[in-house]
Each structure stands twice: as structure tokens, then as C-alpha cells.
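Each chain is listed here by its residues.
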Amino acid sequence: MIAEFDWSSSLGPISGWPQSLQTATAILLRSPVPIVMLWGEDGIMIYNDAYSGFAGLRHPELLGSKVREGWPEVADFNNHIMKVVHGQGKTLAYRDQNLVLYRHGRAESVYLNLDYSPVLDESGKPAGVIAIVVETTAKVEAEQRLMAEREGLRRMFEQAPGFIAMMTGPEHRFGMVNTAYSQLIGHRDVVGKPIVEALPEIGGQGFIELLDRVYQTGEPYSGRGVGVLLEQSRGAVPEERFLDFVYQPIVSEEGTISGIFVQGHDVTEQKRNENALRESEERFRLVAENAPVMLWMSDIDGKCLYLNRAQRAFWGVTPEAISDFQWGSTIHTEDQPMLYGQLADALQSYKGFTTESRLLRTDGVYRIIQTTAQPRFGGKGEFLGMIGVNVDVTETRKAEEALVALNTTLEQRVAEEVAERSRAEETLRQAQKMDSIGKLTGGVAHDFNNLLQVVSGNLQLLQKDLAGNERAERRVANALAGVGRGAKLASQLLAFGRRQALEPKVVNIGRLISGVEEMLRRTIGEAIEIETVVSGGLWNTFIDPGQLENALLNLAINARDAMDEAGKLTIEAGNAFLDDGYADRHEDLTAGQYVVLAVTDTGAGMSPEVAAQAFEPFFSTKPQGKGTGLGLSMVYGFVKQSGGHVKIYSEVGEGTTVKIYLPRAHQTEDIKANPLAGNIVGGTETILVAEDEEEVRNTVVEMLGDLGYRVLTAKDALSALSVIESGVPVDLLFTDVVMPGPMKSTELARKAHERLPNIAVLFTSGYTENAIVHGGRLDPGVELLSKPYSRESLARKVRHVLGNAAQRMAAMEASPLATAVENDGAPSASGRNVLLCEDDALIRMTTAGMLEDYGFHVIETGSAAEAIAAAGRGAIDLVITDIGLPDMQGMDLVRRLRDLLPKVPVILATGARDVPGFEALSNAAILTKPYDETALTGLAERLLPGAAKP
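**Some thoughts on the packing of aromatic side chains**
Okay, step 1: Overall, the coordinates contain 20 aromatic pairs when judged by the stated rule.
Okay, step 2: Arranged with centres 5.1 Å apart and planes meeting at 45°, the rings of tyrosine 47 and tyrosine 51 form a pair that is tilted.
Okay, step 3: Residue class for tyrosine 47 comes out buried when judged on its relative accessible area of 4%.
Okay, step 4: Since its relative accessible area comes to 4%, tyrosine 51 is described here as buried.

**Side note on the environment of leucine 343**
Okay, step 1: Following the sequence through the fold, leucine 343 ends up in helix H12 (residues 336–349).
Okay, step 2: In sequence terms leucine 343 and aspartate 301 are 42 residues apart; their C-alpha atoms lie 9.5 Å from each other.
Okay, step 3: With near-sequence residues (within four places) excluded, leucine 343 lies in contact with Gly302, Trp327, Phe353 and Met386.

**Structural notes on the side chain of threonine 570**
Okay, step 1: For threonine 570, the position within the fold is in strand S19 (residues 567–578).
Okay, step 2: Note on threonine 570: relative accessible area 13%, which makes it buried.
Okay, step 3: Not counting chain neighbours up to four residues away, the residues in contact with threonine 570 comprise Glu531, Ala598, Val599 and Thr600.

**Examining helix H22 (residues 745–755)**
Helical periodicity: at 3.6 residues per turn, an α-helix aligns residues three or four positions apart in one direction.
Okay, step 1: Listed in full, the buried residues belonging to H22 are Ser745, Thr746, Leu748, Ala749, Ala752 and His753. Projection of H22 onto a plane perpendicular to its axis shows the buried side chains occupying an angular sector of 155°, all on one side.

**Considering a nonpolar patch on the surface**
Okay, step 1: Residues Leu403, Leu406, Leu410, Val414 and Val418 make up a contiguous nonpolar surface patch of roughly 430 Å² in combined accessible area.
Okay, step 2: Structurally, the position occupied by leucine 403 is in helix H13 (residues 394–465).
Okay, step 3: Of the residues examined, leucine 403 reaches a relative accessible area of 49% and is grouped as partly exposed.

**Some words on unusual backbone geometry**
Generally, phi is negative for residues other than glycine and the peptide bonds are trans, each holding for most cases.
Okay, step 1: Looking along the chain, the bond that leaves histidine 59 and enters proline 60 is cis, with omega of 15°.
Okay, step 2: If you trace the backbone, proline 60 turns up in the loop between helix H2 (49–55) and helix H3 (67–70).
Okay, step 3: Backbone geometry at aspartate 96 places phi at a positive 55°, although glycine is not the residue there.
Okay, step 4: Position of aspartate 96 relative to the elements: it lies in strand S3 (residues 92–102).
Okay, step 5: On the accessibility criterion, aspartate 96 (29% relative accessible area) is partly exposed.
Okay, step 6: Backbone geometry places asparagine 923, a non-glycine residue, at a positive phi of 50°.
Okay, step 7: Note that asparagine 923 resides in the loop between strand S33 (906–910) and strand S34 (924–928).

Parameters at a glance
Residue indices begin from 1 for each chain and proceed along its sequence in written order. Restriction of local features to residues with pLDDT of at least 70 applies here, the model being predicted, together with a cutoff of 80 or more for giving and counting side-chain atom pairs; totals for whole chains, interfaces and linings are based on all residues. The basis for the side-chain values is all heavy atoms of the structure; hydrogens and waters are excluded. Planes of paired rings set the category: under 30 degrees apart is stacked, over 60 is edge-to-face and the rest tilted, where pairs are Phe, Tyr or Trp rings (Trp by its six-membered ring) whose centres lie within 6.5 Å. The buried label goes to any residue with under 20% of its type's maximum accessible area, the exposed label to any with over 50%, and the partly exposed label to all in between, with areas taken from a 1.4 Å probe on protein chains only. Only runs of H or I of at least four residues qualify as helices and only runs of E of at least two qualify as strands under DSSP, and these elements are numbered from the N terminus. Any two residues whose heavy atoms approach within 4.5 Å are treated as being in contact. The arc in question is traced by the directions running from the helix axis to the C-beta atoms. Patch membership requires more than 30% relative accessible area and the absence of a salt bridge. Residues of like charge join within 9 Å; the nonpolar side chains Val, Leu, Ile, Met, Phe, Trp and Tyr join within 5 Å. Note that accessible areas follow from Shrake-Rupley with a 1.4 Å probe, and for residues the cover is restricted to the protein chains shown. The rule for a salt bridge is simple: a side-chain nitrogen of Lys or Arg has to be within 4 Å of a carboxyl oxygen of Asp or Glu.

Any functional reading would require information that these geometric values do not contain.
Listed below in C-alpha cells is the structure:
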């Protein structure tokens, strides 16, 4: 209304108002209290919403009017205001000011609190008046009614049947007494006097202390048959009277205590009769002993005089032992100062108290006990000690605390539940997205890698035919480079979808960084400074070193691009511990010890929005054609598949840090030479190629034949098995993992080993579909050549697999185990004889190979019956058995073997985490599948500490 009002005839347009007027107007508009501004000599009225309500029907005509004209009925009053406040710059204040106003078309008598202050202009002179208006009509009228009610109350007091007195203030000054009260105190004039002056004889009798307590706490007090010594006249001998009375606090409207209302009856005669009856201690004890609460009585020093039956049972005290019982020893040490202090105060001041403390029950359990105690006085008013009641409120307090805790945490728990549900929904959406992408990338990679293999193989064969034709060689080289880029793209897709086959090793990242540092310098250029920082005592981690090098290279290339090929790249490796709180805030993360690899650049950095999308596939901030957007996605998928955690820290203009957390490994680092290094050589062995894709099969056959091998082919697993069963000697089975038909490639490999125990197996695939990969890792002993592969990779891998098979055969022929087998499987006397029971031939073969390479002598069995027979032929130092056997459960086999060999150590090899009944076994351990050589041999060594390694 102020903004739309036409101020041209009074104050002018608002835009031209002085700053002081604008500021004051803005302030009053925001106030919830009625405020009006009177501007200038005429007091032009500007007010807020609250004042418009106060104005009644005068609003809105009052807005913009002159105050003397707007309120003509109080024009003289406002004229005085303007002269003093506007004219002289002073302030005025009125409380409960009575004015007659016409706000609703009729005269109203109102009471107001008014505060007037000058508003100074830019030169510091009064330019207007601010008036704060608070109507107090209801309060004043209520006070007037209260006065009338008090007069009526006074008349009612006089007619009351008992004595009544009104006391005010902390001095307990008598404000009113009725005739009955005046008679009780001997018609002394006490009105207007404090109680200590009006009734000095009651000092020391406890009444003043009771009045103080009621006044201070606001808790009423009632007394029955309380004795008091009163003088009937000043200086007369005090007479004992007995009273029933109530001290009731008088609470004002503001909630404060203003006095005490005293009401009671003179029960002297009644009390004297009761005292005569209660002089019998036997009656008192009869009542007390059967009381359902715990009662006690003390002397003037606080020593126990009496405990009723309930209290004696609580403390386990006999009646004869009460006099020597030290009840203070049952108080909890934390509660002793409080309880001792209150009791000491009560014994000195002869006043009661109520408190709660923990007391030790006879069964050794602390209970929360509420103690209410009062002073005891004799017939002549002498202090005798305290008497009290103890009530067990433990369960009540627990219920109250539970209710408070429930109310306190309800909102928080609701919020946490909502947040947890949101996180779960987001996790589900992310998992569904990852699963969809994984399936998509797996299918694409399978067909795409097969296609690339055909192209790559033929290009490599063509490269030999074009030797000497420089132009043609260059074109073939360019085509091979394109194949490499395609293979890298497929590998990145598999990495993000967590579908790649990892070959983890126990790795020290510090040594890995040192090994690739020179390659990184060549890759990112000399203009970028590289600093590596490796912490002392760096832990090992179980990771695929080749994939980790690839991830580090991707991060370095991203950093180079972010720094525009000039800046500083810092690579750090250290130890870290992720606690439960951090793990709870991140899905798929377990608290524990990690090795952290941090890559930091000094580049442009990322905004929070970009950082949130950085790991998504195909997301890139680079110009079109400058990147696939799969580099960070590959890093993310590889780390997650390895059981790790990755985090980006970045600020625009401040650079970026990518931290990779990899779980700590407690095993010794695997330091092995590269089996695929060296010159490219072929051989004359016979290789059976099982491949359903005709073009891929033709290409690999030609490549192997070019390397000198004799090559047999099969289009599926059944055809390959037929070739093997034909009796043709085969040295190596080279089979695709994914082939059509009822027989899987893994089953083919197992049957091939059963028919040709010395045959070597090499799997190949562009996408494993978990056939030979579990938990993201190759099964132990499995060899894999991923598509697409080069002629060099094929040649080296074939020689590696054939070499391992030959080496194993030579070791077995030279091992004492061979003699043992020839002698019906009789074990050797080395103290390292292992009975291995595994129905899966491939797993049995690889496990036996791991143990033999480490120096153990292995007796292989494929069923429980074979294992029991082998155990009866000689000494067995260690048993390793699968849980699921064709003729008996593994745990049943262990019990049978323990009957034959009571102290033999046992390793249960299983894919399950828990084995029912395992906890009852001694000298036994669980080896979780899939396992590696380090885990297998390490566990065997631990169970055979006394057997010397050959």
C-alpha cells in the first residue's frame, strides 16, 4: 500500500525520499510490533501491518494523513508529542496510558504502552517521530478485576472454617490473615510484618525452612499433626499446638512465585489423642514391618536405628546386625558426595529432603532408589533424627530414559532411514546400469575381438608376403595399428564393465612405479616434471600388475592433457587405513588396510559437476576426436574389480588428484621373470585348435603352421574330444572359451587331461563369461591368451605353455613321488606327503602341480573311497580335500581319515566361506576357492611346521 500510495501531495515520490525516511520505513515494515512514523512538522503517518490492525476501521484512510487530523479525538495529546519529540529531539514513554479512541465507529477506552523516539535526517536533525504502540487494555482490565476478586477473596477468607494466611515475598511477609488465624496466634497484629518478626517463637521449629523451600522450589507442602510452640501473647510461655496445614505457592501470570497461601486446622486435641496411641513402639513396628515400601529410621548422627522388613531384605541385613550395619558402603561411589551432603544438611537444619541414588542390593546389583526423608521430633520438640522411605524407581527411570532417547532419535532415525533407502535405490540403479553395460560390452567384445583376430592374423601373415615392398609394408603397419586401437577400446570396455580376466600377483607398488617411470617420461614428454614419492615400509597388494601399469599410464596421459603438456606430475604410494565411518559412506567398500596410489597434476582441475561424471563411460571434456572417454572408466572398473576404491579430488584452477586404494596383501611379493619375453620361436609339436569361428580358426591355423607346428582343427568341443579319443598324439589343446554345443571348453579340457594326462591347455577368448574366471580372476593354473593377439604373442604363449608342461613331466619323473606311484601310491618318508582328494581333474592337476613345484609329494585321489584306501597304505603328513565329493561329503571323509590318522592336519578346499562342523576340528584350516600358489603352500607350511622343505 505504501508503494502504491500517491505521496505527491505530501512527501513526494518515494524515489525522492531522503535515505533516513526510506531506512526507517524499511525497518518498521519488518517489525511484528505496531509501529507508526510521523514525518515532518505535520506528522505524515506511515505505518506497518501490525499498526493497521490496531487502527481498526480508521485504516486505510490513516495512511498518509496528518496525525492531528487522523486522530482528532487525541489531537492535543499528539500535538504535545510532536512538540517534544520532533521539535526538541527528546523521547517520551507512557505505560498503561488511558485514551478514548474511535477505532470501530464508537468511543473505546483503551490502555496503551507508548514509546516515542525522534528520527534524525542526514544532517542529524529530527525529521520525524517513530512511535511503538502496544495495547495493554486487556492486562489493565484484568488487574482491575483481580483487585475486585481479591476483595471478594478477603471476605471469603473470613468465612473459611479453618485458619488462612497470605504471605508475600521471600521474607514471608503477612499480607492477610483471617479471624481463625488471628485467634491461633493470640490476636497479635502480624499483617505487613515478616514471619520472623511477627512470630519470633517459631524460629528453629522448621516452619520458616519449610516456607523457604516452598517459595524456592514451587512445590507445595502439607503437614499433618505438626507440633508448634506458640505464644498467646508477647512474652508468654509458649503453648504446644498441633496443626494440619498446607503451604501452597502463589504463582503469578508470568510464572514466578510471589508468595505462599497457608491454610489449615488446629488439630491439637486430635493429635494428643493420636500421640497417646502411637507411643506404643510395638504398634509402629507392626505397621512398618508389613509396609510394602522400604522404611528406615536414623539417630541424630545418621546412624541406622531401624530398618523394616523390606529394607532389610534389600540389603540382606538381619535385625540383630542393624546397629553395626554401615549403610553408606552400599552407595555407589559416584553418588556418595550428593547423598552424604543432603543428609548432613538435613541433620543440621532439621529439614527433610528427597533424592535419588544408586544403592547396592544384596545380589550385587545397583538399583536406583528414591529416598524421601523427614526430621523426627520428640514430645518437647527436640530433634530425634530422620525417618525415611526408599522406593526402587530403576525400571521407571529406564522407561523414562528410553522414552527420551526414542523422542530424541526418532527424527534422526527417520532421516537416516530415508537417506539409507535413497542410497540403496541409487546403488540398485548403478548396479543395474553396470550389469547392463557389462553384458553389452561382453557381447560386443566377443564378436569384435574375433573380428579383430581375423583382421590382425591375416595382416601379420600378409606382412611376410610383402617383405621388401616398403609402401605395402607401411600400409599393413597402419592397419595393424588400427587393430591395436580397436583392441585397446575393447579392453577398456571390458575393464569398465569389470569383465576382464585378471591375473593378480602380490606386488610392491613402489617397485612397479620405478619400473614404469622411464616409460611415463617418454609418454608424457619432457615438458612435464615427474616426481615420485614412495613411503617407507610400503605394504604389498594383490593386483594384476599389467592392468595397474595400464591404469597408471591412463592417469598420466589424462594429467598431461589437463596440464596442456606443461606442468608437474606427482606419483605417490603409501599406506592407508579406511575406517568404518568412511566405508559406510561408500558402497562396495570394506574398512581395513589399503595401499594408496595417488596421481596429482597441476592442470586446470575439474568442477564438482565434471568430477561427478568423470568415471562414466564415453564422458570426456576433450574436443571431439581427441579421446574415447574410456580412460578413467577403465581405471574405475579395474580398481573395483580388484576389490579397491578410487576417489577424485579436484578444484578448478588447482589441479586434480586421483587416489587408488588397493587392499593390503600380507604375502611376500611375487618377483618373477616375464615368461613371454625373448625371441619368437616355433616348434614341431602337435596342436589341436578348437574354434567355432571359421575365419578365426583358419587364421590361427596358418599362423601356427607358419611357426612350424603340426595343426589339427575342430569346430567345437565335441569334435575336439573326438580327435583326442582317436589316439592321435596331441601336445597342446588351443581352445576358445566360448563355443556352441552341449560341451563347454572347460569340460573339454578336463576330459582331455583324463585321456592325455600330459597334454597342455591354452584358452583363448575375447570375453570369458566367467567360464575360467571367478571373482574377476583367472582360476589357478589356467593359461589364457586374450583376443586379438599378435603373431609374437601367440608364439611366445604357446612356447610358455608347452615348456611348463614339459617341465612338470620332468619334475614328476625325477621326483620320489614317481616311485611312490609305482609302488601302489605308497608315500615317501620325507615328512611332506600330501593326500589330495579332488573330483575335478583339472583342479586336482593344477593343485598337485602347485604343491609339487613347492617340494611336496602328492598322492592324487578323485573320490573319498580312493582317499581312504591311499591313507591305509602308508604315512600321510597332510590331507587336502574338497567338501563336495561324488561318494561322500568332505567332512565325513575327514572324520574317517582322523580315525585312521588321528593327528593328521587337514585343509578343507571349498568355495564356501563357512563349513558346518569345522569349528569342532583341531589342527585344521579352510582354503577358499579360487586360491593361488602362495595361499595354498603358505597354509600347508603353517600346518606342517616341523617338515623340512627340500
